[in-house]
Amino acid sequence: MLLIRCPYCEAERPEVEFTYAGEAHIARPADPSALSDDEWRDFLFIRTNPRGRHFERWRHMHGCGRFFNAVRDTVTDKFSMTYKAGAPRPSDEEIALASSATADSAASVKDARP
Amino acid sequence: MLLANHPLLGKTITGDTASKLTIRAAEDVARFSLRIDPVAVQAAGAAFGTPLPTRIGGVVEAGGRMALQLGPDEWVLTAPVAESDAIADAFAALGETHSLVDIGHREVGILVEGEAAALALRSAIAFDVEAMAVGTGCRTLFDKAQIVLIREDKNRFRIEVWRSFADHVWGILHAVSREIALGL
Amino acid sequence: MSNFRIAGKGRVNRSRQLRFSFDGVDYTGYEGDTLASALLANGVHLVGRSFKYHRPRGILTAGSEEPNALVGSNRGNGRFEPNTRATVLEVFEGLKTESQNRWPSLTRDIGAVNDALYMLFSAGFYYKTFMWPKSFWDKVYEPVIRNAAGLGKAPTAPDPDSYASRFAHCDVLVVGGGAAGLAAALEAGRSGASVILCDEQSEIGGSLLAEPTAEINGQLAWDWLEDTNAALAAMPNVTVLPRTTAIGYYHQNFVGLCQRLTDHLRIVPDGAPRERMWKVRAKQVVLAQGAIEKPLVFAGNDRPGVMLAGAARTYLNRYGVKVGNWVVAVTSHDSAWHAAFDLAKAGVEVAAIVDVRGTVPTQLVAAADALRIRTLIGWTVTGTKGRLRVSSVRVNPVGPGGKVGGAETIACDTLLMSGGWTPSIHLFSHTQGSLTWNEDGQMFLPGRGKEECRLAGAGKGRFGLKAAFEDGAAAGSAAAADAGFAAQPAAYHVEGELSFTGVTGHELPTDRDPGHAKAFVDFQNDVMAKDIRLAVREGFKSIEHIKRYTTNGMATDQGKLSNINGLAVASDALKRPIPAVGLTTFRPPYTPTSFGTFAGYNKGALFEVTRKTPIDGWAEENGAVYEPVSLWRRAWYFPQVGEDMHAAVARECKAVRTSVGMFDASTLGKIEIVGPDAAEFMNRMYTNAWTKLAPGRCRYGLLLGEDGFIRDDGVIGRLAQDRFHVTTTTGGAARVLGMMEDYLQTEWPDLKVWLTSTTEQWSVIALQGPNARKLIEPFVEGIDLSEGAFPHMAVATGKICGVPTRLFRVSFTGELGFEINVPARYGRAVWEKLFEAGQRFGITPYGTETMHVLRAEKGYIIVGQDTDGTLTPDDAGLSWAVGKTKPDFVGKRSLSRPDMLAANRKQLVGLLTSDPKTVLEEGAQIVLDPNQPVPMDMVGHVTSSYWSAELGRSIAFAVIQGGRSLQGKTVHVPMPDKVHSATITGMVFVDPENTRLSA
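Residues numbered from 1 in each chain as written. Chains lettered and ligands numbered in written order. Predicted model: local features only at pLDDT ≥ 70, side-chain atom pairs only at ≥ 80, totals over all residues. Heavy atoms only, no water.

## Some words on the overall build of chain B
In plain terms, the rule: Per the convention used, a helix needs a DSSP run of H or I reaching at least four residues, while a strand needs a run of E reaching at least two, with both numbered from the N terminus. In this treatment the radius of gyration is a C-alpha quantity, and the globule benchmark scales as 2.2 Å times the residue count to the 0.38 power. Relative accessible area decides the class of each residue, using a 1.4 Å probe on protein chains only: under 20% of the type maximum gives buried, over 50% gives exposed, and in between gives partly exposed. We get accessible surface area from the Shrake-Rupley algorithm with a probe of 1.4 Å; when it comes to residues, only the shown protein chains can shield them. By the counting rule applied here, Lys and Arg register as positive and Asp and Glu as negative, while His and the ends of each chain are not counted. For charged residues, the charge sits on one atom: NZ in Lys, CZ in Arg, CG in Asp, CD in Glu.
Within chain B, the regular secondary structure consists of four helices and eleven strands. Over its C-alpha trace chain B gives a radius of gyration of 17 Å, about what one expects of a compact globule, namely 16 Å for 184 residues. Projected onto the principal axes, the alpha-carbon positions of chain B cover approximately 55 × 40 × 30 Å. Across the 184 residues of chain B, 60% fall into the buried class. In the form shown here, chain B has an accessible surface area of approximately 7,000 Å², with 51% of it arising from carbon and sulfur atoms. Once the 17 positive and 23 negative side-chain charges of chain B are each reduced to a mean point, those two points are 6 Å apart.

## Some remarks on the overall build of chain C
Rule in force here: Any two residues whose heavy atoms approach within 4.5 Å are treated as being in contact.
When helices and strands are tallied, chain C shows 23 helices and 51 strands. Counting only C-alpha atoms, chain C reaches 115 × 70 × 55 Å along its principal axes. Burial status across chain C gives 60% buried among its 999 residues. Taking the contacts inside chain C whose residues are at least 6 apart along the sequence as the reference set, 66% of them involve residues at least 24 apart. Summed over its atoms, the accessible surface of chain C is roughly 37,500 Å², and 54% of this surface lies on carbon and sulfur atoms. Across chain C, the mean location of the 105 positive side-chain charges is 2 Å away from that of the 104 negative side-chain charges.

## With respect to the packing of aromatic side chains
Residues and elements named next belong to chain C. Threshold: Note on aromatic contacts: the rings of Phe and Tyr and the six-membered ring of Trp form a pair at centre separations within 6.5 Å, being stacked when their planes are under 30 degrees apart, edge-to-face when over 60 apart, and tilted otherwise.
If you walk through the whole model with that rule in mind, you get 28 aromatic pairs over all chains. With a centroid separation of 4.6 Å and 10° between ring planes, the pair formed by Phe469 and Tyr492 is classed as stacked. A residue pair is termed long-range when its members are at least 10 positions apart, and Phe469 in helix H11 (residues 465-482) and Tyr492 in the loop between H11 and strand S29 (494-495) qualify at 23 residues. The pair Phe469 / Tyr492 is uniform in exposure class, with both members buried.

## Describing the domain arrangement of chain B
Residues and elements named next belong to chain B. To keep things clear, this is the line we draw: Either an automatic procedure or a domain database provided the assignment from which the domain bounds are taken. Here the buried area means the combined drop in accessible surface, using a 1.4 Å probe, for two parts upon being joined, counting both sides. Take a side-chain nitrogen of Lys or Arg and a carboxyl oxygen of Asp or Glu: if they are within 4 Å of each other, that pair is a salt bridge.
Domain annotation of chain B identifies domain 1 (10-27 + 106-181) and domain 2 (30-102). Each of domain 1 and domain 2 was reduced to a C-alpha centroid, and the two centroids are 24 Å apart. With twelve residues of domain 1 in contact, the opposing surface of domain 2 contributes eight residues. For the domain 1 and domain 2 pair, buried surface summed over both sides reaches about 760 Å², with 52% attributable to carbon and sulfur atoms. It is Gly137, Arg139 and Ile150 in domain 1 that bury the most area against domain 2; as a group they hold 44% of the surface buried on that side. If you look at where domain 1 meets domain 2, you find two salt bridges.

## Looking at the nonpolar core
Rules: Each nonpolar core is a collection of buried residues, namely Ala, Val, Leu, Ile, Met, Phe, Trp, Tyr and Cys, held together in the definition by side-chain atoms within 4.5 Å.
Among the nonpolar cores identified, the biggest contains 81 residues, and C:Phe298, C:Tyr315, C:Val330, C:Leu416 and C:Met417 are the most heavily contacted of them. If you tally residues by element for this core, the top one is helix H8 (residues 334-345) of chain C, at seven residues. In contact with C:Tyr315, other than residues within four places in its own chain, are C:Ala36, C:Ser37, C:Leu40, C:Ile59, C:Thr61, C:Ala62, C:Thr87, C:Met307, C:Gly320, C:Val321 and C:Val323. Listed in part, the 39 residues of the second largest apolar core include B:Ala117, B:Val129, B:Phe157 and C:Tyr601.

## Looking at the interface of chain C and chain B
A common measure of how large an interface is: the accessible area buried when the components associate. Just so we agree on the cut-off: Polar contact criterion, stated in full: a pair of N or O atoms within 3.5 Å, where within protein one must be able to donate a hydrogen and the other to accept it, and residues adjacent in sequence count only if both atoms are side-chain atoms.
Between chain C and chain B, the residue contacts involve 51 residues of the former and 49 residues of the latter. When chain C packs against chain B, the two sides together hide about 4,300 Å² of surface, and 57% of this comes from carbon and sulfur. Run the count over chain C and chain B and you get 23 residue pairs in polar contact (both at pLDDT 80 or more). When contributions to the side of chain C that touches chain B are tallied by element, the ones reaching two or more residues are strand S8 (162-175), strand S15 (273-287), strand S35 (669-674), strand S39 (754-757) and helix H22 (827-837) of chain C. Examining the composition of the side of chain C that touches chain B, we find that six residues originate from one element, S8(C), more than from any other.

## What to know about the sheet that holds strand S42 (residues 794-800) of chain C
The strands that make up a sheet are held in pairs by hydrogen bonds between backbone atoms, and each pair lies either parallel or antiparallel. Residues and elements named next belong to chain C. Threshold: When DSSP locates at least two bridges between a pair of strands, those strands are taken to pair.
Read across the sheet, seven strands follow the order S41-S42-S43-S44-S40-S34-S45 without closing on themselves; strand pairing throughout is mixed. Each edge of the sheet is formed by a strand with only one pairing partner; in this case those strands are strand S41 (780-781) and strand S45 (844-845). Pairing analysis gives seven bridges linking strand S40 (residues 762-768) to strand S44 (residues 817-823), with the strands arranged antiparallel. Counterpart to Val764 in the pairing with S44 is Asn821.

## Concerning the sheet that holds strand S4 (residues 53-59) of chain A
Rules: Note on definitions: angles span 0 to 180 degrees between N-to-C directions of axes, and those axes are lines fitted to C-alpha atoms, for helices only across the stretch in contact.
If you walk across this open sheet you meet the four strands as S3-S4-S5-S6 (chain A), and the pairing is antiparallel. Two strands in the sheet have a free side with no partner beyond their single neighbour: strand S3 (19-23) and strand S6 (79-84) of chain A. The sheet shows a mean angle of 30° between the axes of neighbouring strands, taken without regard to direction. Bridge analysis of strand S5 (residues 67-73) of chain A against S6(A) gives five bridges, and the strand direction is antiparallel. When the sheet's bridge partners are listed, A:Phe68 is paired in S6(A) with A:Lys84. Sheet strands in contact with helix H20 (residues 733-747) of chain C are S4 and S5 of chain A, and its direction is about 90° off that of S5(A).

## What about the side chain of C:Glu815?
All names here are of chain C. Positionally, Glu815 belongs in the loop between strand S43 (803-809) and S44. For Glu815, a relative accessible area of 3% gives the class buried. Apart from the residues within four sequence positions on either side, Glu815 is in contact with Val656, Arg657, Gln768, Gly769, Pro770, Arg996 and Leu997.

## Quick notes on the packing of helix H18 (residues 645-658) of chain C against helix H23 (residues 848-857) of chain C
Residue and element names in this part refer to chain C. For clarity, the cut-off: When describing relative orientation, an angle under 35 degrees is termed roughly parallel and one over 145 degrees roughly antiparallel, while 65 to 115 degrees is termed roughly perpendicular and anything else oblique. Helix crossings are classified by the rotation of the near helix relative to the far one: an anticlockwise turn of less than a right angle makes the crossing left-handed, while a clockwise turn makes it right-handed. Ten residue types, Ala, Val, Leu, Ile, Met, Phe, Trp, Tyr, Cys and Pro, are classed as nonpolar, four, Asp, Glu, Lys and Arg, as charged, and the remainder, Gly among them, as polar.
Running from N to C, H18 and H23 point in directions that differ by 55°, and their axes come no closer than 9 Å. Here H18 is positioned oblique relative to H23, judged by the angle of their axes. Handedness of the H18/H23 crossing: right-handed. On H23, the residues that touch Met645, Val649, Glu652, Cys653, Val656 and Arg657 of H18 are Glu849, Thr850, Val853, Leu854 and Glu857. Counted by class, the contact of H18 with H23 contains six nonpolar, one polar and four charged residues.

## Quick notes on H23(C)
All names here are of chain C. The buried fraction of H23 is high, at ten of ten residues. Among the residues making up H23, those that are buried are Thr848, Glu849, Thr850, Met851, His852, Val853, Leu854, Arg855, Ala856 and Glu857. Remark: Gly859 follows H23 within two positions and exhibits a positive phi of approximately 80°.

## Some points on the interface of chain B and chain A
Between chain B and chain A, the residue contacts involve 14 residues of the former and 13 residues of the latter. Taking both partners together, chain B and chain A bury about 980 Å²; carbon and sulfur atoms supply 58% of that area. One can count one salt bridge joining chain B with chain A. Where B:Asp73 meets A:Arg66, a salt bridge forms, and the shortest distance between an N and an O atom there is 3.7 Å. Taken together, the connections running from chain B to chain A amount to four residue pairs in polar contact (both at pLDDT 80 or more). Listed by contribution, the elements that provide at least two residues to the side of chain B that touches chain A are strand S5 (65-71) and strand S9 (136-142) of chain B. A per-element tally of the side of chain B that touches chain A places S9(B) first, with four residues. Residues belonging to the side of chain B that touches chain A are distributed by class as follows: seven nonpolar, three polar and four charged.

## What about the pairing of strand S21 (residues 379-385) of chain C?
All names here are of chain C. The element S21 is largely enclosed, with a buried count of six among its seven residues. When S21 meets strand S22 (residues 392-397), the two strands line up antiparallel, connected through six bridges. Along S22, the bridge assignment pairs Thr380 with Asn396. Counted between consecutive antiparallel strands, the loop separating S21 from S22 contains six residues, among which Gly386 sits at a positive phi close to 120°.

## Quick look at the packing of helix H12 (residues 529-537) of chain C against helix H14 (residues 562-574) of chain C
Residue and element names in this part refer to chain C. Between H12 and H14, the least distance of the axes is 9 Å, while the angle of their chain directions is 45°. As summarised for this structure, H12 and H14 are arranged oblique, according to the angle between their axes. Pair H12 / H14 crosses with right-handed handedness. Residue-level contacts link Ala529, Ile532, Arg533 and Val536 of H12 to Gly566, Val569, Ala570, Ala573 and Leu574 of H14. The residue inventory of the contact of H12 with H14, partitioned by class, reads seven nonpolar, one polar and one charged.

## Some words on the confidence of the model for chain C
Caution applies to low-pLDDT regions: their predicted coordinates should not be interpreted in detail. The criterion, for reference: Looking at any residue, its pLDDT shows the predictor's confidence there, from 0 to 100.
Per-residue confidence for chain C gives a mean pLDDT of 94; residues scoring 70 or more make up 97%. In the model output, the complex is listed with pTM 0.94 alongside ipTM 0.97.

## Examining empty space enclosed by the protein
If a probe as big as a water molecule is rolled over the atoms, it shows which places are left empty. Residue and element names in this part refer to chain C. To keep it simple, the criterion reads: Residues are said to line a cavity or pocket when one of their atoms sits within 4 Å of a point; the points come from a 1 Å grid over protein atoms alone, cavities being sets where a 1.4 Å probe fits but cannot get out and pockets being open sets with protein on both sides within 12 Å along at least five of seven lines. Grid points are joined across faces, edges and corners, and a volume is the space filled by probe spheres set on the points.
Taken as a whole and assessed by the stated rule, the structure comprises eight cavities of 30 Å³ or more. Taken as a whole, the largest cavity spans an internal volume of roughly 130 Å³. Those elements giving two or more residues to the lining of the largest cavity turn out to be helix H17 (616-621), strand S33 (632-637) and strand S34 (661-664). By residue class, the composition of the lining of the largest cavity is nine nonpolar, four polar and four charged.

Below is the structure:
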């Protein structure tokens, strides 16, 4: 069971409190009727399904109830970071920073108690 | 007025003679789900008569009224049953846009008390109950039932659960109390 | 009966004698014995028959890796467990056990003929032997051959035990309570970290339990162990769990532990769980699981009496049991020498030590000489004899160049073997940590890990007590430090350390044809070295394929003994080094684990949540038969004395159509939608138009997915300008709320509207029938119920029977009807009051079956029964519910995709069978031409089908390609008994003018 950090609760919580909600950053078109059949098909069904870094949606269903976004590696299952719904897709630098921050915080815990 | 049929009412599980664990149905309360933009939280607190907590998980309790923040714009409010209408009226007069929904009959309260209270809850709750701060609450899962858990004191927890899930939660707590009484 | 217990040896409690039985024979053992040690103490080696060949088998090991000694254990009252390893089964007073896979008895087993039919069962026998002739599958292979192969019989009675589960969070989890694990737990415990130490055995101590003469920091091992256990018990931050196996290691240091709580007890307290699954989340994990001794591969290595040397030493030193009277040891490792020495010192005749190595440490030879033990250095073992117990061993010298010389036979009743030790890296493998091949030690060692995890001691190839202690202490203090606690590893001084050198065995050289040698690699699955060579000859190169073809390592022991030997044999056959051949993957659970432990509390009444409405108790008292609907149990029908379902439903239907019926609709999903943008939100979610719906009025709402297919429906009441009371299907409640939250939070966060589930806030009583209004009128306050003031599809708040109500004038039956919502705690009281008052109308409670019939008579669909996630509103005949002038709603754009407009889509229609008495089966397929060849062209299927008492005939709904344009056409429903014919009709069978709704 994974631990997932909810960006609203600002806490790591067990995976059972969460539900997965598909790929992130696929906004519903403001005017669907303006889309061609192919464009609408792509919005409905076409996903990146990457091997490796994946931007995806989760919901803290049995917690604060909020949908949020996460960067997770589909090979290792490791979360690099989570962020609130509506926030822009983080850059490579931001993801790297968030990943190292997690590592740093582990190290700082060690230093905090000599 | 007709007889209210309260699930679990009057039920108690006493784990052992040392009273390391007692589980009982909580006295009924009025309950509301309040949804409001957090910028208006002060006005809402004024309407409720008790300031609302301002971080997720926070609990404020005063004069028999309790407010727990469950989400960015979600609070659960409880009060003595008799104050239900007064609270509804106070919020009806609130100028700020909000949603107040009566959920008094949706839920059942269960109190888990004693030295072994956290241990009992660990049987079916995945997060670190022992590390939960006193005076906080959260929504979580108890086995397969969604609950709201409030740590009222080091050795006292309150479970709020939808009424049709209460039997399931109660049944597991019953089994758990037996193993704790046996020291297993 | 001979007694093999040695006075003054071992740790079993000699003051507590226990009686137990094996295959009906009574024996005695002591508290602290396993079944294996107690049987050996009584001179019993033969305990089972092998999987394929029914070869007699004995006790091979002293631990959970045991592949042979599997027994059925009976703890009384239906508590029977097959395939229990005798080496881990603790003896208690009255324990009954039996051998498996033999008939008529263990000593005379008919199935042993398989041993002579080896060629039938060689590698890949499933794929070869059973292929031809085809008719033999049913008549011979399945019933006879499969029956002859196998393990114990599954119990037939339900498991009477209860099981528990517990989550735990700790700083450091230490797996394994031997020297390394204890040292790690001590360091972590002293640092103040929260620690869990688990060990699968009944006693903490690991190999120290078999090392009474070693001295640790000046103390004898067992004294040190006692003090250490006391020290750990005194630390409030340390939890020690014996009888607890770490079965699986999952992401982010989540480890499953199976704790056995009561199996070892003679009297189990009422309500005591048998086992508990611990779900541990540890900041740091130390794996100190030790090492597993390897068997040697030679002909006849599987006879009862042939056992691992370390096991023999454990039985002697821990249990005080000598495993035989005339012992020979064969080894490629020092450890068997020490076993032989200990046995000799205990008075056992050790006939010889055969070491396949060319040279051995001189002090071992000197010690053997001193004990007058014959040593055969550079010899090999080429066979054993003895039907039910080894009686002699055939040994040969190996000359220069590997030439095997002439044979000599040595009599013995026990043959000890040791091929060295394999670090137990199973849990590390669960984490997908990489393994590296250690050429010196001929073993796989942990490489790069993926978790916050360390290995220590023999489990990572650090053999010997001092190495284990110091490695464990280092791992424990480092783990504590990484968890935020300072620790300084202690040093250890050990006296009496055993020498620990050796070479890893490949198959032993022989002077005979290795193609005929019954040299076992996998004892549990009966795989021999020649099977693996056969697989290689037949073209298998990958160890993963060889494993599956030969089944090597695929038994319940997961190849704890066989994987590394199988790999060595394959490596020799492939002429490629072991690391190039690779290693198969270990998977959880580490040892076989009962289903009950995984289920935990979820059995019996707690198997799954059973949701009950506030009125459920009344239904139960009034004889309702229930059906499950999602997690709810709902009253299905209310049979009266002598009634079957058909009669009850017909009576219930008639009551609603002629007077009044009452139905518990509390399970309907309910969502309160509140806020100034509530109507706008409804417009975007549902197909219908909501802006003009006046407060106090209701509308049927249809919800689509973005793909345009029907997801849910329900009646929705507008209580106020900014407040809607939405109902959903019973099963769809949570899904619909989740979907709404998704759109609200992530697509339209600007809308000022909030959603709250009120499903359980309200009890809902449906009163349906021409007398419904007359019945409730006297009880309602504050609502004018007249047709003009409160017409069909109206909603109002007021009071009923003195309690608040949201009263809906709605009908799912076609009759005049109300749905009375009252706060849940009053549901039953209001129900009872109305039931009592309704007696003068012959009020009839009805269940879900009657509800289904009545709605079908009226042509109302049930989402999820008549729709299946591929129906559009038009397919379902619900185009009228789609607000076509609305600019957008969820799913609207999809409705104009080309496929959605295709002419031949399946459409929902009515069906009337030609024979009115025939009630079609729901799900039955429909064809246009019943005489076409098979496979027929199936154009649709039946979705709903009932007997209509009102019409005196059957009715049905079906989805049929282009169905609406085929009105009046005859279709056919081929069923096993006959082909039924039916006519396509409209869907409304009763009161098409809706006159009754406003009666």
